[in-house]
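Chain by chain, the residues:
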Amino acid sequence: MTVSPTHGTYESHEAYEKLLALLDEHGAAYRVIEHAPEGATEAVSALRGHAPAQAAKCIIAMVKIGKKEKRFALVVVPGDKRIDLAAVKALYGGTYVSFASPEIAEELAGSPSGTILPFAFDERLDLFVDPGLLVHEEFYFNAARLDRSLALSTKDYRSLTEPRVERVSTD
């Protein structure tokens, strides 16, 4: 997927359209929720009318393995938790971990920060999902846009993405 960033904003909704096409193709159960533009988990959860624990917080981490190898992880945790960077580093046996820069995260995600999908459409991303998010029948996330969210069946999400389920959150 090629996305053309223009000073941190995206000219198209390519990732949003790609997501809906994928979900429709596989008959996934989802609802589109339109709301005021918002990227912060607590605030957008209130707009959507659910507890933050039912929201997917999606962040891209960069892990160095030795001096020459670098890997990127799309880490998805419940909205009321934080990413446990040390746990992500340990999963790779890494020597260093940090959040990816906003520019790299947006390039890999194909959408602006605050709208990163819990789907790894870029082959350079490894997908890790915290089991705490998967206990809900459905969960919510910004759908590559600040003004649109999805409520997606957790069962359908797991079937489509086959994520690596690991404890990657902390309070």
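The preceding data block contains the structure.
Residues numbered from 1 in each chain as written. Predicted model: local features only at pLDDT ≥ 70, side-chain atom pairs only at ≥ 80, totals over all residues. Heavy atoms only, no water.

Colleague: Explain the layout of surface pockets to me, using residue names and the numbers behind them.
Modeller: Of the voids in this model, the largest pocket is the one considered here, and its volume is about 310 Å³. For the lining of the largest pocket, the secondary-structure elements that each account for two or more residues are helix 2 (41–48), strand 4 (56–65), helix 4 (102–109) and strand 9 (138–145). Ranked by the residues each element gives to the lining of the largest pocket, the list is headed by strand 4, at 5 residues. Here the lining of the largest pocket is composed, by residue class, of 12 nonpolar, 6 polar and 2 charged. (1 Å grid on protein atoms, 1.4 Å probe; cavity = no way out; pocket = protein on both sides within 12 Å on 5 of 7 lines; lining within 4 Å. Points joined across faces, edges and corners; volume = space filled by probe spheres on them. Helix = DSSP H or I, 4+ residues; strand = E, 2+ residues; numbered from the N terminus. Nonpolar A, V, L, I, M, F, W, Y, C, P; charged D, E, K, R; others polar.)

Colleague: Go over the packing of aromatic side chains, please, and point to the residues and values.
Modeller: For the coordinates displayed, the defined rule picks out 6 aromatic pairs. The interplanar angle of 35° and the centroid separation of 5.7 Å between the aromatic rings of F139 and F141 together place this pair among those described as tilted. This pair shows no difference in class: F139 is buried, exactly as F141 is. Aromatic side chains F139 and Y157 sit 5.0 Å apart centroid to centroid with 80° between the ring planes, which places their arrangement in the edge-to-face category. Residue F139 is located in strand 9, and its partner Y157 is located in helix 5 (residues 154–161); the two are separated by 18 residues in the primary sequence. Accessibility expressed as a relative area gives 0% for F139, which makes it buried. (Phe/Tyr/Trp six-rings, centres within 6.5 Å; stacked < 30°, edge-to-face > 60°. Buried < 20%, exposed > 50% of the residue type's maximum accessible area, 1.4 Å probe, protein only.)

Colleague: Break down helix 1 (residues 14–25) for me, with residues and values.
Modeller: Taking 1.5 Å as the rise per residue, helix 1 with 12 residues should run 16 Å; its terminal C-alpha atoms sit 16 Å apart, in good agreement. All buried positions along helix 1 are accounted for by A15, Y16, L19, L20 and L23. On an axial view of helix 1, the arc spanned by its buried residues comes to 135°, and they lie on one face. Across helix 1 from its buried face, at more than 90 degrees, point the exposed residues E17 and E25. Where helix 1 is buried, its residues contact strand 3 (30–34), helix 4, strand 9, strand 10 (148–153) and helix 5. Of the residues one or two after helix 1, G27 is the one with positive phi, at around 65°. (Expected span 1.5 Å × (residues − 1). Arc of directions from axis to C-beta. Contact = heavy atoms within 4.5 Å.)

Colleague: Quick rundown of the nonpolar core? Include the residues and the values.
Modeller: Within the largest apolar cluster, 32 residues are counted, with the highest numbers of intra-cluster contacts made by I60, V76, F141 and Y157. Residue assignment for this core shows that the elements contributing at least two residues are helix 1, strand 4, strand 5 (69–78), helix 4, strand 8 (125–129), strand 9 and strand 10. In terms of residue count, the dominant contributor to this core is helix 1 (5 residues). The next biggest cluster of nonpolar side chains, apart from the first, holds 12 residues, and it includes A61, V63, A73 and V97. (Core = buried A, V, L, I, M, F, W, Y, C linked by side-chain atoms within 4.5 Å.)

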